Amino acid sequence: MTFAAHAENPTAKQQFQRVSDEYFDQVYFPNQPTGGTVIGYHQYDTKLEDFSRASIDAEVAALHDFEKRISAIPATSLDQTTRGDRQMVLGNIRSLLLTLETIRPWAKNADNYSSTCANAAFTLMERKFAPADDRLRSLIAREKQMPGLLAEARTNLQNPPHIFTEIAIEQLPGIVSFFQHDVPDAFADAHDPALKAEFAQTNAAVISALNDYLKWLKTDLLPRSNGDFRIGADTFSKKLLYDEMVDLPLPKLLEIGYADMHQNQQHFAEVAHELEPNKTPSEVLEELGSQHPAPDQLIPTFTATFTSLLDFIRAHHIVTIPSDVRPVVEETPPFMRATTQASMDSPGPFETRATTSYFNVTLPDPSMTPAEVAGYMHSFNIGTVISTSVHEAYPGHYTQYLYSSRFPSRVRKILSANTNVEGWAHYTEQMMLDNGYGQPGSGAKDEREAKFFRLGQLQDALLRNARFIVGIQMHTGNMTYDQALEFFQKEGYQPKETSEVEAKRGAGDPTYLYYTLGKLEIMKLRSDLMKKQGAAFSLQTFHDEFLSQGFPPIKIVREALLGDDSPTL
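Remember, it's a predicted structure, so these values are computed and weren't measured experimentally.

(A) Structural context of the pairing of strand 2 (residues 342-345). Burial of strand 2 is two-sided: the residues Ala342 and Met344 facing one way and the residues Ser343 and Asp345 facing the other way are all buried. Note that strand 2 and strand 3 (residues 358-361) share four bridges and pair antiparallel. Of the residues in strand 3, the one forming a bridge with Ala342 is Val361.

(B) Focus on the side chain of Thr34. Looking at the element boundaries, Thr34 is found in helix 2 (residues 33-39). Excluding residues that lie within four positions of it along the chain, Thr34 makes contacts with Glu49, Asn119, Ala120, Thr123 and Arg142.

(C) Layout of the pattern of salt bridges. Counted by the stated rule, this structure contains 31 salt bridges. Arg448 is the partner of Glu287 in a salt bridge, and the nearest nitrogen-oxygen pair spans 2.7 Å. Placement of Glu287 in helix 12 (residues 281-290) and of Arg448 in helix 20 (residues 447-475) is noted, with a sequence separation of 161 residues between them. Given a relative accessible area of 36%, Arg448 falls into the partly exposed group. The closest approach of N and O atoms between Lys451 and Glu447, which form a salt bridge, is 3.8 Å. Pair noted here: Lys451 and Glu447 are both in helix 20, with a separation of four residues, about one helical turn. On the basis of relative accessible area, Glu447 is assigned to the partly exposed category, the value being 46%.

(D) Seen up close, the environment of Asp324. The residue Asp324 is located in the loop between helix 14 (306-315) and strand 1 (328-331) in this model. Owing to a relative accessible area of 65%, Asp324 belongs among the exposed residues under this scheme. Counting along the chain gives 14 residues from Asp324 to Leu310, while the straight-line C-alpha distance between them is 9.4 Å. Among the polar contacts listed, one links the side chain of Asp324 to the side chain of Arg314, at a separation of 3.0 Å.

(E) The sheet that holds strand 1, seen in detail. Reading across the sheet, the three strands line up as 1-3-2 and stay open at both edges, with mixed pairing between neighbours. Both edges of this open sheet fall to strand 1 and strand 2, since each of them pairs with a single strand only. Put simply, the sheet's adjacent strands are angled 25 degrees from each other on average, direction ignored. Lying on the sheet, helix 16 (residues 382-392) is in contact with strand 2 and strand 3; it crosses strand 2 at an angle near 25 degrees.

(F) Broad picture of unusual backbone geometry. Between Tyr394 and the following residue, Pro395, the backbone shows a cis peptide bond with an omega angle of 5 degrees. Here Pro395 shows up in the loop between helix 16 and helix 17 (397-402). For His317, which is not a glycine, the phi torsion comes out positive at approximately 55 degrees. With respect to the helices and strands, the residue His317 is situated in the loop between helix 14 and strand 1. A relative accessible area of 52% places His317 in the exposed class.

Reading the values: the criteria
- Residues numbered from 1 in each chain as written.
- Predicted model: local features only at pLDDT ≥ 70, side-chain atom pairs only at ≥ 80, totals over all residues.
- Heavy atoms only, no water.
- Buried < 20%, exposed > 50% of the residue type's maximum accessible area, 1.4 Å probe, protein only.
- Helix = DSSP H or I, 4+ residues; strand = E, 2+ residues; numbered from the N terminus.
- Pairing = 2+ DSSP bridges.
- Contact = heavy atoms within 4.5 Å.
- Salt bridge = Lys/Arg side-chain N within 4 Å of Asp/Glu carboxyl O.
- Polar contact = N/O pair within 3.5 Å; in protein donor to acceptor, adjacent residues only side chain to side chain.
- Axes fitted to C-alpha atoms, helices over the stretch in contact; angles between N-to-C directions.

Below, the structure written as structure tokens:
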């Protein structure tokens, strides 16, 4: 249907803005102060997340209160943007309640506690938004609260899933090393001797608490970690509705996921046959995997892709790039390495001083054998390097960040849907090649390399297809962890090392189908706009307008760009 024009009610809009501001300032950021630092709200720099039962209970009560207050504001009295904002805030509140009351990671996930400590320190180190002494003062305040946070874990964690405790144990040595070396190094330029002496004490206490926590996890919690990581079909559907405004039944979603995976597998087989007529697709995949930079050349290789990507985007009118400043490529922080191979870390929309963006790349672990390194580097072949650069930087996540000053409201600058954020970045991987990038003279040196680029893009698409299916199947009890591991290798065309990372991630990130789901929603939106606008359709205008909406669920973007609430898939 097409929306009728509503007479905007300034009183209702003002009421929503006031109540949503109170929600962010009284509940949302006070309960996730590290997120406040990230977004550029530095009044939260001295605060640390509180996972005590009293704090969790108080947050739940406040969330229920704000859900009632925002629900009471009539949507029909609001303009389209504010109506979308209201849906986003309600979805966020309901998702947080589902997480705290039903999924309960505070009672199941040991890594939540130790990685929260690392992240709280890292956000004060990463960007020099204030003098070193000021940031160190904030870090000391946070470090004083970290032993207490880790102590809460011993109270809260009751029969967690074995895989969650294993992940925490795997991450902890890197986190301990991070506090031993990276954190002191980051504040080497601090001046106040008394401050540095106090930091030496608080940092040593954190290291001691983390080591004690690791010992407790190994000797006490792991043997009794027999819980179930699966959230179940009902909770899965609710999470998808609250986070992404997607209400399709899970069997229908699986049907969509399998169809897209089989289409990508068929495309892979066709390109592989063109490349190597006498080899099977799996043999061509092995050949693709062996073509990768040396580990010590991985970061320079990623950096070198930016120029050709930007040249192509501008020459072919793909999307407007609002800034000439490029992201910095660096090694992934230690506490993120177990579950991610590459990521983009951009400053928050309210950060005014330290505005560098970091393109994180996870290098092989020094403890890996040469054979393990070789297997790991298959995921960074010449095709997936291009696909990853597109996804993380141009015109993916970093380009999205560059549009944040254009977002239409405070809500859109704070809240985001992964089908938009990750859907966009994944969509661009295929879109760029479909529009000619990666051909000889445009990123590839010859036709053979161009075909390897397409295979790399398809391999990344199959990885996301596997996430789509594994997330639903594991969490609804139709696939075991070991079967998920095998699925990533067989159907997702991933090496064993990557498959292990992905299966672990799926245990704790059930709805990581949002990459493919968002991509398919964006492709349908583009197709529907092309039908509606005909010869007037402009790819660059579509992309510019899409990014200017912020990161709401695609359903809200459809309403803004198409003027109706037709299905997103």
